[in-house]
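Results of the structural survey
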Amino acid sequence: MNQEYGQEDGLDEEPEATRRDAGDAESSRASRGWWDRNADEYQNDHGAFLGDDRFVWGPEGLDEAEAGLLGPAGALKGLDVLEIGAGAAQCSRWLAAQGARPVALDLSHRQLQHALRIGGDVPLVEADAGALPFADGAFDLACSAYGAVPFVADPVKVFREVRRVLRPGGRWVFSVTHPIRWAFPDEPGPEGLSVASSYFDRTPYVEQDEQGRAVYVEHHRTIGDRVRDVVAGGFRLVDLVEPEWPAWNGQEWGGWSPLRGNLIPGTAIFVCERD
């Protein structure tokens with residue numbers, strides 16, 4: 001839904017976009033392959049906006065330094081923090097600068113190579129969010145800025161893993177494409193302002209090759225689904241943030257743009273706590 005690619009990404013033919021079921025294994029395999037193929041282009045296109053050591057929650061540019069969704073920046077010192085779907089670990093570097101002890105986890109080997117390229121002392125872990133390689137109660141906080149959650153078939157499985165590795169009272173904050181965007185075409189201009197499909201159609205968006213193998217998968221959940229998933233995962237939802245588009249941000253990022261951002265939400269951030 002949010003990405004388009006073709007021959008430049010190592011595929012012989014333009015993949016076919018469709019809506020069909022895609023399970024855990026197929027989704028994970030497609031995500032690993034897509035991000036390994038596209039990490040270079042992604043970091044080249046968006047690296048300047050993301051920065052090397054900023055914590056940005058989404059294309060609107062909401063910065064954790066201002067939002068404080070993980071808690072006051074001054075209170076992060078000494079906390080163990082897990083970043084899931086970390087990409088090049090930009091958010092983790094910001095956390096480290098506040099005195100936290102972050103670990104940056106990603107499914108994509110190539111994304112983590114970009115983390116190594118940028119540098120820093122943040123530990124990097126290549127692993128699936130549905131099978132976190134950490135002991136119970138290893139972290140005080142967990143976070144994910146558009147990482148993992150939109151791409152997994154079973155988000156409750158991921159949430160339960162996050163809960164397992166958090167200490168009691170730990171906070172879990174993640175951002176995803178705002179579910180309302182699934183009813184609209186993924187276009188930044190006026191053509192992206194008219195409803196084109198049912199908001200209630202949960203069928204995954206899949207791009208597949210000539211053999212029908214998924215090469216990109218994104219899963220749609222309604223707002224209600226996300227809330228129920230959070231609860232089923234063992235968390236209490238304490239806030240749901242829908243960032244408004246700021247006047248300073250003139251960029252277009254895929255289907256995100258000032259035009260659309262001033263009219264409909266593009267990002268949803270779920271702030272959750274483990275009791």
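These numbers were taken from a predicted model, which means no experiment stands behind them.

Time to look at the overall build of the protein. Along its length, the protein carries 7 helices and 10 strands. Projected onto the principal axes, the alpha-carbon positions of the protein cover approximately 50 × 35 × 35 Å. For the protein, contacts bridging at least 24 residues in sequence account for 71% of all contacts bridging at least 6. When the accessible area of the protein is evaluated, it comes to approximately 11700 Å², of which 50% is carbon and sulfur surface. Side-chain charges of the protein comprise 26 positive and 46 negative groups, with the mean position of each set lying 8 Å from the other.

Turning our eyes to something else, we now look at the sheet that holds strand β3 (residues 101-106). Here 7 strands make up an open sheet; going across it, the order is β4-β3-β2-β5-β6-β10-β9 and the pairing mixed. Only two strands of the sheet have a single partner each, and these edge strands are β4 (124-126) and β9 (235-241). Averaged over all adjacent pairs, the angle separating strand axes in this sheet is 20°, with direction ignored. Where helix α3 (residues 90-97) meets the sheet, it contacts β2 (80-84), β3 and β5 (139-145), and its direction lies at approximately 175° from that of β3. The strands touched by helix α4 (residues 109-118) are β3 and β4; relative to β4, the strand with the most contacts, the crossing angle is about 170°.

When you line up the elements, arginine 260 lands in helix α7 (residues 258-261). Although buried, arginine 260 forms no salt bridge, and the nearest oppositely charged side chain, aspartate 186, lies 4.3 Å from it. At 3.2 Å, the side chain of arginine 260 and the backbone oxygen of glutamate 187 are in polar contact. In this structure the side chain of arginine 260 is engaged in a polar contact, spanning 2.7 Å, whose partner is the backbone oxygen of glycine 255.

Another aspect to go through is the side chain of glutamate 207. Following the sequence through the fold, glutamate 207 ends up in strand β7 (residues 205-208). The buried charged residue glutamate 207 lacks any salt bridge partner; its closest oppositely charged side chain belongs to arginine 37, at an N-O distance of 7.4 Å. For glutamate 207, the side chain forms a polar contact with the side chain of tyrosine 205, separated by 2.5 Å.

Core analysis: the largest hydrophobic core is formed by 26 residues, its most contacted members being Leu82, Ile84, Val162, Trp172 and Phe174. Of all the secondary-structure elements, those providing two or more residues to this core are β2, β3, β5, α5 (155-165), β6 (166-177) and β10 (267-274). If near-sequence neighbours (up to four positions away) are discounted, tryptophan 172 is found in contact with Ile84, Ala142, Cys143, Ser144, Val149, Phe159, Val162, Leu166, Phe235, Phe270, Val271 and Cys272. Core analysis: the next-biggest nonpolar cluster, separate from the first, contains 16 residues, Leu70, Val241, Ile269 and Val271 among them.

Procedures and definitions
Residues numbered from 1 in each chain as written. Predicted model: local features only at pLDDT ≥ 70, side-chain atom pairs only at ≥ 80, totals over all residues. Heavy atoms only, no water. Helix = DSSP H or I, 4+ residues; strand = E, 2+ residues; numbered from the N terminus. Contact = heavy atoms within 4.5 Å. Areas by Shrake-Rupley, 256 points an atom, 1.4 Å probe, with all protein chains shown as cover. Lys, Arg positive; Asp, Glu negative; His and termini not counted. Charge placed at Lys NZ, Arg CZ, Asp CG, Glu CD. Pairing = 2+ DSSP bridges. Axes fitted to C-alpha atoms, helices over the stretch in contact; angles between N-to-C directions. Buried < 20%, exposed > 50% of the residue type's maximum accessible area, 1.4 Å probe, protein only. Salt bridge = Lys/Arg side-chain N within 4 Å of Asp/Glu carboxyl O. Polar contact = N/O pair within 3.5 Å; in protein donor to acceptor, adjacent residues only side chain to side chain. Core = buried A, V, L, I, M, F, W, Y, C linked by side-chain atoms within 4.5 Å.

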